[in-house]
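So you can see what is in the structure, the chains are spelled out below.
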Protein chains: 2
Amino acid sequence: MNSSSYESFFKPQGIALIGASADPYKWGFRVLVNILAGGFTGLICPVNPKGGTLLGLEVYPSLKGLPREVNLAVITIPAQQVPEALRQCAEQGIRSVVVISSGFSETGPAGRTLEDELRHLSSQKGLQFIGPNTMGIFCAESRLHALMPPILPLFGGVSLVSQSGNVGVQMLAWGKERGVGFSKFVSSGNEGDLQLEDYIEYFADDPDTKVILAYLEGLENGRRFLDIARKATRKKPLILFKGGKTDVGSKAAHSHSGALAGRYGLYQAAFRQAGIIEAETSDSLLDYAAAFLHYPLPQGKKIAVLTRGGGWGVVAADACREWGLELPALPNPLIKKLNQYLPPYWSRGNPIDMAATLNPEAVPQCLEALVQEEGIDGILALGVDFGKRTSQMVERLIEKDLLRGIDLGKKPDEQRDIHLIMKLMATHRKPMVMVSGISTATKTVSSPHGEAVLFPTPERAARAMAKLWQYSHFLQKEALHALQ
Amino acid sequence: MNSSSYESFFKPQGIALIGASADPYKWGFRVLVNILAGGFTGLICPVNPKGGTLLGLEVYPSLKGLPREVNLAVITIPAQQVPEALRQCAEQGIRSVVVISSGFSETGPAGRTLEDELRHLSSQKGLQFIGPNTMGIFCAESRLHALMPPILPLFGGVSLVSQSGNVGVQMLAWGKERGVGFSKFVSSGNEGDLQLEDYIEYFADDPDTKVILAYLEGLENGRRFLDIARKATRKKPLILFKGGKTDVGSKAAHSHSGALAGRYGLYQAAFRQAGIIEAETSDSLLDYAAAFLHYPLPQGKKIAVLTRGGGWGVVAADACREWGLELPALPNPLIKKLNQYLPPYWSRGNPIDMAATLNPEAVPQCLEALVQEEGIDGILALGVDFGKRTSQMVERLIEKDLLRGIDLGKKPDEQRDIHLIMKLMATHRKPMVMVSGISTATKTVSSPHGEAVLFPTPERAARAMAKLWQYSHFLQKEALHALQ
């Protein structure tokens, strides 16, 4: 597989949509509409024996006579007709094909035979195909949305390959809500030809991809996957969510994708060895993507927890411990420094409990002291946007006319605090992972110093920090190994 | 402890705020403002030696001369002055006191001595107090917001006692975002007098409380707690989140509340035995509260999973298995029934994979068939609000003028589907736990048949279902036990 063949998948000059339809209940209509809505930068050529026009485009009755620029075919016609369409693609010099059509190995032995035919044909004719039974592909750079579901992902640095179209599309939708943008997405379908690891290999060398995500149910060739993953993880983080961990889930996976789900324990050991970051749940996949996009890697696992109140410090401390992070004791000079900013009864320990201080300067002062401390590799900053809740109450009071003539003084400015954190991170290259006091979902916020992620709970922030450290530790070991 | 003494805490006729202040940087100002903003239904009497007026209220220079209705004191003055204030309360016949002031056992031996003095005084004078070092209390029925932080909780059926003010207040804030309403809240502070279990005992008999929540770091008297919890769980669900599970977290807990954090494993065993539902993470506490508020209990653990696509079915199946639920095979008559609604290539297994059908009637038809099936105790319905995403795309297409003259036909109506689910639940008394295809946080939706909860992931929905089953199973065992 060379990268130029992937270019025709993700950045084609022209697309033939084989099976384009005027019937809104057919995928040949919906995919076309999605391609149009997405603003694809190249040529769009619907193909249907009926000819005519469709959504303002000329319809080609057959592949003959298609403009030369067309170097990608997207197929939605019934399964039985796909082999013939592949032959015609080959004749027209189209070597990259996305087979959206279903009715192949996922349906039983007859479908499997048909899928084998696609594979043999492709190998014989020098084609490559994605699918069959794929939900399609997306590329931000070419504005390509050759997808079944109506989704316009946010653009950004994450590329995702998913063995489930549904799971993949949900990640794109969640990304939009959380501010996690995508460069490329592939629903790999039945993997009749191209396999999960082929896309990982491509993403590893793709300059627009900063973080690779994968949803995996099963592998045809575990060794090849691990070889490719091991090379990829030296270049960029690869975060993986495994479906079919249990016997019940594995049985369900078998019924829908034909992939053989293997034993989970073996997978986990292999993932760790290859430097793959595992996401334990579906929503942690996006949490970790956001963390790796926006936070620098910690150089060690010594974490300081800054909290407005004891309870959240306890919860954060538990989570750090459970996920393998350490909370070092604070050295005396640092305690002396913090004494200046905090009430006399503050904890003097780690977590640093600010004990509900009303001093709005305490957060930035403490954070600055902490990030400068050599023995601290990263910070969990809890409740950084807490000020917003106060502001809402103040508005309510003004509305109720309770604050007439009263000066509430300088109020906590969560935006200022978040911007300061971004600046400190950029200067000191230490992760300062933020926890919202308001939001119930992970979200991205912008600042003049870049983008930042706020996690909804200390547990999720601690988990993300632990994953940053896991990857950093892996890279350190790899570097040592290379020197020996 | 009798319930009438609790009435004066939660539904006082009048409050004395000892330490009321015009200084917006003092808690004596902020608490007063919160009480006013909350719309307390009784008398509000600020007390401060300076006298005068404050926020439109007459300030009493001392407790003498307070109106007779005043039966609750809220104290924010410095720790050293609190014993004397307690004496004066006793003299005035005020027997219920909330000590917000900090500087007691949480600060060391001197503070502990002072806290002991409060306890002895109270016992001698026949008082009861909450705190010290509490963030205050809230009661929906009396509109009492005697709280340090500016929060106006949503009203509803949940009552919460928290050994951390911060954690408690965050739950109130999250409840607001997710549509989980509260009846009562207590930040129990240092528990110098009233203990966590005292509030649980009261909530268990309180008709406005449907679900009890607790955040626990440590117990003074484990046996008493378990006795009370065991009685409470026979009446209503008690959901508990434990802080200080690890050595590190336990150390942090010790430093801030003076509570002795015990060994987690022992706690867990005791919780299970007493029928307490444990929340594993801070956000699962609210997830479970929402589930117990709005879903009926399953009579068994046999679950059907309805999904739009295979991948999410796999993830849901894994989660059900991990949390102790079962996915039974579908009986033949049910498969035949579902054949009428689903594409020919549907899974014919459980999870029921609707295989990306474009038939908008398939969801209600399948759900109706599933809920009627005797061998199924509960349903996980994935992507019930999926239609919304399609609608958003359709709007985009209309905006781009791509849909002129095209009839997209009947589109999936997520509101209709959710309302149908609510109706089926009301009829069949089986939980049909819904997963959103859109939202990234747990949320409550309204219907003519009541309120419903949507979970953001199948894992969180499966966990909630497993907890409903755990409690149902506990009640079944208790009932059997009572018969023997």
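For the structure itself, consult the block above.
Residues numbered from 1 in each chain as written. Chains lettered and ligands numbered in written order. Predicted model: local features only at pLDDT ≥ 70, side-chain atom pairs only at ≥ 80, totals over all residues. Heavy atoms only, no water.

Listed by partner, the interface residues are 83 residues for chain B and 83 residues for chain A. Here chain B is connected to chain A by four salt bridges. Run the count over chain B and chain A and you get 16 residue pairs in polar contact (both at pLDDT 80 or more). Broken down by secondary-structure element, the contributors of at least two residues to the side of chain B that touches chain A are helix H2 (27-38), helix H5 (165-178), strand E13 (238-242), helix H8 (247-257), helix H10 (282-294), helix H11 (310-322), helix H14 (387-399) and helix H16 (458-483) of chain B. (Contact = heavy atoms within 4.5 Å. Salt bridge = Lys/Arg side-chain N within 4 Å of Asp/Glu carboxyl O. Polar contact = N/O pair within 3.5 Å; in protein donor to acceptor, adjacent residues only side chain to side chain. Helix = DSSP H or I, 4+ residues; strand = E, 2+ residues; numbered from the N terminus.)

Let us look at the packing of helix H11 (residues 310-322) of chain A against H5 of chain B. The packing of two helices is summarised by the inter-axis angle and the distance between the axes. Between H11 of chain A and H5 of chain B, whose axes approach to 6 Å, the crossing angle comes to 90°. With respect to each other, H11 of chain A and H5 of chain B are oriented roughly perpendicular. Contacts from Gly310, Gly311, Trp312 and Val315 of chain A in H11 of chain A reach Asn166, Val167, Gln170, Met171 and Trp174 of chain B in H5 of chain B. Of the residues in the contact of H11 of chain A with H5 of chain B, the class split is five nonpolar, four polar and no charged. (Axes fitted to C-alpha atoms, helices over the stretch in contact; angles between N-to-C directions. Parallel < 35°, antiparallel > 145°, perpendicular 65-115°, else oblique. Nonpolar A, V, L, I, M, F, W, Y, C, P; charged D, E, K, R; others polar.)

This next bit is on the sheet that holds strand E19 (residues 443-447) of chain A. All names here are of chain A. Here we have six strands laid out as an open sheet, ordered E16-E15-E17-E18-E20-E19, and mixed in their pairing. The open sheet has two free edges, formed respectively by strand E16 (352-353) and E19, since each of these has just one partner strand. Alignment of strand E18 (residues 432-435) against strand E20 (residues 450-455), held across two bridges, turns out to be parallel. Counted as the bridge partner of valine 435 is phenylalanine 455 from E20. Running over the sheet, H11 touches strand E15 (303-307), E16 and strand E17 (378-382) and is turned about 140° from E17. (Pairing = 2+ DSSP bridges.)

Our next topic: the sheet that holds strand E9 (residues 144-147) of chain B. Residue and element names in this part refer to chain B. Spatial strand order, E9-E8-E11-E10-E12-E13-E14: seven strands in an open sheet with mixed pairing. What marks the edges here is a single partner per strand, and that holds for E9 and strand E14 (277-279). Taking each pair of neighbouring strands and ignoring which way they run, the sheet shows an average axis angle of 20°. In the sheet, strand E8 (residues 136-139) pairs with E9 via four bridges, with the strands oriented antiparallel. The residue of E9 that forms the bridge with phenylalanine 138 is histidine 145. Packed on one face of the sheet, helix H9 (residues 264-273) meets strand E12 (211-216), E13 and E14 and runs near 175° to E13.

What follows concerns the relation of the copies chain B and chain A. When chain B is fitted to chain A, the residual RMSD is 0.0 Å, and the transformation amounts to a turn of 180° plus an axial shift of 0.0 Å. Considering both components of the superposition, the chain copies are consistent with a two-fold axis. In terms of proximity to the rotation axis, the leading residue of chain B is alanine 441 of chain B, whose C-alpha is 2.8 Å off the axis. When the interface residues of chain B are mapped onto chain A, 100% of them are again interface residues, pointing to one common binding face. (Least-squares fit on C-alpha atoms with pLDDT ≥ 70 in both.)

Time to look at helix H5 (residues 165-178) of chain A. Residues and elements named next belong to chain A. Taking 1.5 Å of rise per residue, 14 residues should cover 20 Å, and H5 covers 20 Å from first to last C-alpha, within 8% of that figure. In terms of burial, H5 is a largely internal element, 12 of the 14 residues being buried. Taken together, the buried positions of H5 are Gly165, Asn166, Val167, Gly168, Val169, Gln170, Met171, Leu172, Ala173, Trp174, Gly175 and Arg178. Looking at where H5 begins, the residue whose side-chain oxygen comes 3.3 Å from the main-chain nitrogen of asparagine 166 is serine 164. Trailing H5 by a residue or two, glycine 179 shows a phi angle of about 80°, which is positive. (Expected span 1.5 Å × (residues − 1). Buried < 20%, exposed > 50% of the residue type's maximum accessible area, 1.4 Å probe, protein only.)

Next up on the list: the environment of leucine 334 of chain A. Residues and elements named next belong to chain A. Looking at where leucine 334 falls in the secondary structure, it is placed in helix H12 (residues 332-339). For leucine 334, a relative accessible area of 2% puts it in the buried group. When the C-alpha atoms of leucine 334 and arginine 348 are compared, they prove to be 9.5 Å apart, with 14 residues separating the residues in sequence. With residues near it in sequence (within four places) discarded, leucine 334 still touches Ala369, Leu370, Glu373 and Ile376.

Residue and element names in this part refer to chain A. Per the stated rule, a full pass over the model turns up 20 aromatic pairs over all chains. Taken together through their ring pairs, the aromatic side chains of Tyr6, Phe10, Tyr202 and Phe203 make up a single cluster. If you follow lysine 242 out to its NZ or CZ, it ends over the ring of tyrosine 267, 4.5 Å from the centre. (Phe/Tyr/Trp six-rings, centres within 6.5 Å; stacked < 30°, edge-to-face > 60°. Lys NZ or Arg CZ within 6 Å of the ring centre and 35° of its normal.)

Attention shifts here to the packing of helix H6 (residues 196-205) of chain A against helix H7 (residues 222-235) of chain A. All names here are of chain A. Direction vectors running N to C along H6 and H7 enclose 20°, while the axes themselves pass 9 Å from each other. Judged by the inter-axis angle, H6 sits roughly parallel to H7. In this structure, H6 meets H7 at a crossing whose hand is left-handed. Seen from H6, the contacting residues are Leu196, Glu197, Asp198, Ile200, Glu201, Ala204 and Asp205; seen from H7, they are Arg224, Phe225, Ile228, Ala232 and Lys235. Across the contact of H6 with H7, the residue classes tally to six nonpolar, no polar and six charged. (Left-handed = near helix turned anticlockwise from the far one by under 90°.)

Moving on: the pattern of salt bridges. Residues and elements named next belong to chain A. Evaluated as defined, the whole model comprises 42 salt bridges over all chains. When the shortest N-O distance is used, the salt bridge between glutamate 478 and arginine 234 registers 2.7 Å. Pair noted here: glutamate 478 is in helix H16 (residues 458-483) and arginine 234 is in helix H7, with a separation of 244 residues, a long-range link.

Our focus in this paragraph is the side chain of serine 101 of chain A. All names here are of chain A. When you line up the elements, serine 101 lands in the loop between strand E6 (96-99) and helix H4 (109-125). Looking at serine 101, its side chain comes within polar contact range of the main-chain oxygen of isoleucine 77, at 2.6 Å. The residues contacting serine 101, other than those within four sequence positions of it, are Ile75, Thr76, Ile77, Val82, Pro132 and Asn133.

Functional significance is not addressed by these values, which are geometric in nature.
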